[in-house]
Amino acid sequence: MPSRIYSQADIADELFTKQFEYNTLSDFQRKIFDDFVLEELPQGIPVATTLNEKFGTRNKMRLAEALCFRNQKGDFENAMVIMRWVFSMQNTDLANERYGGFKGAVNDKTYDDNMREFIGTDLITIYEKFKNKFSAVFKKEIETCLILTAKGDIKRNVNPDYNNIAIMSSFMQDYVGAKFNMPGMQAAGLQKARKIYANFQKYNTLCEYNSPTYYGVDFTGLAMWRELSVSPQFKEMGKVLEKELWLDLSQFYNANLQNICGPYLRSYGMDMKKYTAIAGVWIAAAVDDPRIATVPAKEGPHNESNFIVCVFDLGISMPKKALEQFKHFTAPCFLSRTTSNYYEGDRLKKVTAYIQSKWMMGGLWGNRKVSHILRTATMHWRSYGNDIGWLMVPGEGKTNVVVDEKQMKIYLADTSAKTFEIMVYANAKLPENFKEDRWNMDPMQINVTTTMH
């Protein structure tokens, strides 16, 4: 059981909580939701014509959930068509090691293991919240798919360190095991949840640390623990994890720059105002103000706006202190964290960050994993035209980085390396603005000292 349990009085006093219905969404919230639905199901187009190779299976299941939530004329009928199409993408061959998985798209030749958790948990949300809208025959189809998905998930047995998938996996095992009389499965889910919780308790951090995208999946999974899990211990652990994760993330958030300070152990971009990070979707729904929202005005690359459906179906439970951090910059701060991480390199990774009103920077020490979605060092600043300039050292496994209030220090971690990359997005003329000892990235000025030649 968790060592920190919040009483109902604590929750009422400390948390901002909100449940949603489609007809009471704000104009801004509804726009994010409707834009996703229209992207997947253009107005006036029969739903069956959108079930083809151009669309992903996960997004289609999320569309089915959105239609159930919206509940307008024809929505449940369309949701059933979509869900049966998704069911047809499932591997039902029990002799296959990937049984219970789903194709990510129609033309995929293999099954995506992670689709079990994404599609399975969406299906649980639909089943739990809307099953009375479906016939007994269709409910049985959902149950058959859920049981097969969960059995495949048990066989896969994803590591608790793989946070975003493990959080969903443990929840699915708890729910399906309890609802369909499989106590062994339910016990396995609770065991995995306890390991996730214990790992967090060591350093108050997750292994996939400080990820604008994967934190959003974590919040979605933890909201399922809070709202839909069967075991009381799940609910209690979920309350602690959800609250503590929001508090930690909010400390790294700069409301003036509308971005999370790095480093990022997993990220798909550098400016949350230009790509749709899933944590940004949660933040946008909570602050409910397009002027300070962390989602692009137009759909950017790596669009994950479909997660707005989960936010509205599961509701928000966020510390009021964190919500204020997402709305207003408070004061400069230096942050230091340790995270127990399975990536190649030191088991314990060190994160340092310094956040000022108009700029911020962060560094990661101890990583040797090479990954295109890892950012070992980051810097952001307010540029002209309300733009965000940034500097980034990619995850090449070559560098260790530490920052303090005055400087960013980059060290070669790989003694055989002769070079490493620094990527910059800035209001600068190349190459004259980049001198050996000074980089002029208006309005940001950086003094450079190096022993490399």
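This one's a predicted model, so the numbers in the text were calculated from it and none came from an experiment.

Which parts of the structure should I look at to understand the overall build of the protein chain?
The number of helices and strands found in the protein chain is 13 helices and 14 strands. At 23 Å, the protein chain has a C-alpha radius of gyration in line with the 22 Å of a compact globule built from 453 residues. Taken along its principal axes, the extent of the C-alpha atoms in the protein chain is 70 × 50 × 45 Å. Within the span of the protein chain, comprising 453 residues, buried residues form 57% of the whole. Looking at the protein chain alone, contacts between residues at least 24 apart form 66% of all its contacts between residues at least 6 apart.

Whenever I open this one, the pairing of strand β11 (residues 408-412) confuses me. Can you help?
On any regular strand, side chains alternate: one points to one face of the sheet, the next to the other face. Examined bridge by bridge, strand β10 (residues 399-403) and β11 share five bridges and lie antiparallel to one another. Note on β11: the bridge partner recorded for T399 is L412. Here β10 folds back onto β11 in antiparallel fashion, the turn holding four residues.

What am I meant to see in the packing of helix α7 (residues 163-179) against helix α8 (residues 183-203) here?
Packed helices, taken two at a time, are described by their axes: the angle between them and the distance between them. Close contact between α7 and α8 brings their axes to 7 Å; oriented N to C, the two are set at 150°. Taken together, the axis directions place α7 and α8 in an arrangement best described as roughly antiparallel. Crossing of α7 over α8 shows left-handed handedness. Here A166, I167, S169, S170, Q173, D174, V176, G177 and A178 of α7 come into contact with α8, specifically with P183, M185, Q186, A188, G189, K192, A193 and I196. Class assignment for the residues of the contact of α7 with α8 results in nine nonpolar, six polar and two charged.

Hey, could you run me through the packing of helix α2 (residues 27-40) against helix α3 (residues 57-70) in this one?
With their axes 10 Å apart at the nearest point, α2 and α3 run at an angle of 125° to one another. Considering the angle they form, α2 stands oblique to α3. The chirality of how α2 crosses α3 is left-handed. Between α2, through F33, F36, V37 and E40, and α3, the contact on the second element is made entirely by N59, K60, R62, L63, A66, L67, F69 and R70. Across the contact of α2 with α3, the residue classes tally to seven nonpolar, one polar and four charged.

Before we go on, may I ask you to explain the nonpolar core in this structure?
Considering soluble globular proteins, one finds that nonpolar side chains tend to be buried as a cluster. V176 and W225 are the most contacted members of the largest nonpolar core, which has 123 residues in total. Take this core: its biggest share by element is nine residues, from helix α11 (residues 278-287). Counting residues in each nonpolar core, the second largest holds 13 residues, with W381, V393, M408 and M441 among its members.

What counts and how
- Residues numbered from 1 in each chain as written.
- Predicted model: local features only at pLDDT ≥ 70, side-chain atom pairs only at ≥ 80, totals over all residues.
- Heavy atoms only, no water.
- Helix = DSSP H or I, 4+ residues; strand = E, 2+ residues; numbered from the N terminus.
- Rg over C-alpha atoms; globule rule 2.2 N^0.38 Å.
- Buried < 20%, exposed > 50% of the residue type's maximum accessible area, 1.4 Å probe, protein only.
- Contact = heavy atoms within 4.5 Å.
- Pairing = 2+ DSSP bridges.
- Axes fitted to C-alpha atoms, helices over the stretch in contact; angles between N-to-C directions.
- Parallel < 35°, antiparallel > 145°, perpendicular 65-115°, else oblique.
- Left-handed = near helix turned anticlockwise from the far one by under 90°.
- Nonpolar A, V, L, I, M, F, W, Y, C, P; charged D, E, K, R; others polar.
- Core = buried A, V, L, I, M, F, W, Y, C linked by side-chain atoms within 4.5 Å.

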